[in-house]
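# Per-entry structural report
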Amino acid sequence: MDNGNHTPYAVEMHQVVKRFSQVVAVDHGDLKVKRGEIHAVIGENGAGKSTLMRLLYGFYVADSGTIRINGKNVRMTDPRVAIEHGIGMVHQEFMLVPRLTILDNIILGREPRRGLRVDRLKAEEEVAHLAAELGFQVDLHAKVRGLAVGIQQKIELLKVLYRGASILILDEPTAVLTPQEVDELFRMLRNLKKQGKTIILITHKLNEVMSIADQVTVMRRGKTVKTLPTKSTTSSELASLMVGRNV
């Protein structure tokens, strides 16, 4: 779908630089992500992949370079700007309030109103519809406290979808999941891709990249090394690109 823009790219980051005092965390990084694809960003620890995504989400502000969302230049000054442009991020550390219900966590700060009151019925209908589209069955009135990590992650996913995200960033989403939960997450991500969502996955697990991603961008020491379709590469080639030599 073109959305009135001629670019096929949901995200374009060009020559982006981010320094933390003397350390260059992202060194003229480039990233192009097509609409409706699952795109993995991979690299060793400290390669700059999480920093690059935090720049895209406005968590950090780039020192230089350009960011374009659906063909428009955007200055990402904070996450609110990212959310306005349809970007949502599921962080490794979940941002849920344990004593609140699932529903209240999802709508927090975005409660639909009827007059001065929160329209809970409308909120519940909207969230239940999103959960059904994801294939996620859950009691929205259950408290978050004590829920399994895999369920908490799905709640975070619902939260960004409820805020209207069409571009989803997931930071090392499988690090804390069981193999069965990984399968469930990937099923949901494929569902979201079918719905036209654009998904960016930060990871270092090459077998997962090969099984779910359409394209993969490799980072090394803050630089983007190469972007290639997963169907025309191998885990061993990606590993070599990550470390800069044959492994």
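Everything below is about the structure shown above.
### Structural notes on the sheet that holds strand β2 (residues 23-34)
With respect to topology, four strands assemble into an open sheet ordered β2-β1-β4-β5, the strand pairing being antiparallel. The open sheet has two free edges, formed respectively by β2 and β5 (72-73), since each of these has just one partner strand. In the sheet, strand β1 (residues 9-20) pairs with strand β4 (residues 64-69) via five bridges, with the strands oriented antiparallel. Counted as the bridge partner of V17 is S64 from β4. Along the sheet, helix α1 (residues 49-56) contacts β1, β2 and β4; its crossing angle with β1, the most-contacted strand, is approximately 115°.

### Here's the deal with the pattern of salt bridges
Following the criterion strictly, the structure yields 10 salt bridges and no others. Residue E126 pairs with K122 through a salt bridge whose shortest N-O separation is 3.8 Å. Here E126 and its partner K122 are both found in helix α4 (residues 120-134), four residues apart, which amounts to about one turn of the helix.

### Notes on the pairing of β1
Side-chain positions along a regular strand alternate between the two faces of the sheet. Summarising the sheet, β1 and β2 pair through eight bridges and their orientation is antiparallel. For R19, the partnering residue across the bridge sits in β2 and is V24. Here β1 folds back onto β2, and the loop between the two strands holds two residues, one of which, S21, carries a positive phi near 50°.

### Things to note about the nonpolar core
Ranked by size, the top nonpolar core spans 34 residues in total, and within it I106, L134, L157, L168, L170, L189 and L192 carry the most contacts. For this core, the secondary structure elements donating two or more residues are α3 (102-107), α4, α5 (149-162), β9 (167-171), α6 (179-194) and β10 (198-203). Those residues within four positions of I106 in sequence are excluded, and the remaining contacts are V127, I155, L158, K159, Y162 and R163.

### Some words on the side chain of T198
For T198, the location among the structural elements is in strand β10. Given the relative accessible area of 2%, T198 is considered buried. Here T198 is in contact with A10, V33, K34, R35, G36, E37, S166, I167 and L168, once residues within four sequence places are set aside.

Conventions we followed
Residues numbered from 1 in each chain as written. Predicted model: local features only at pLDDT ≥ 70, side-chain atom pairs only at ≥ 80, totals over all residues. Heavy atoms only, no water. Pairing = 2+ DSSP bridges. Helix = DSSP H or I, 4+ residues; strand = E, 2+ residues; numbered from the N terminus. Contact = heavy atoms within 4.5 Å. Axes fitted to C-alpha atoms, helices over the stretch in contact; angles between N-to-C directions. Salt bridge = Lys/Arg side-chain N within 4 Å of Asp/Glu carboxyl O. Core = buried A, V, L, I, M, F, W, Y, C linked by side-chain atoms within 4.5 Å. Buried < 20%, exposed > 50% of the residue type's maximum accessible area, 1.4 Å probe, protein only.

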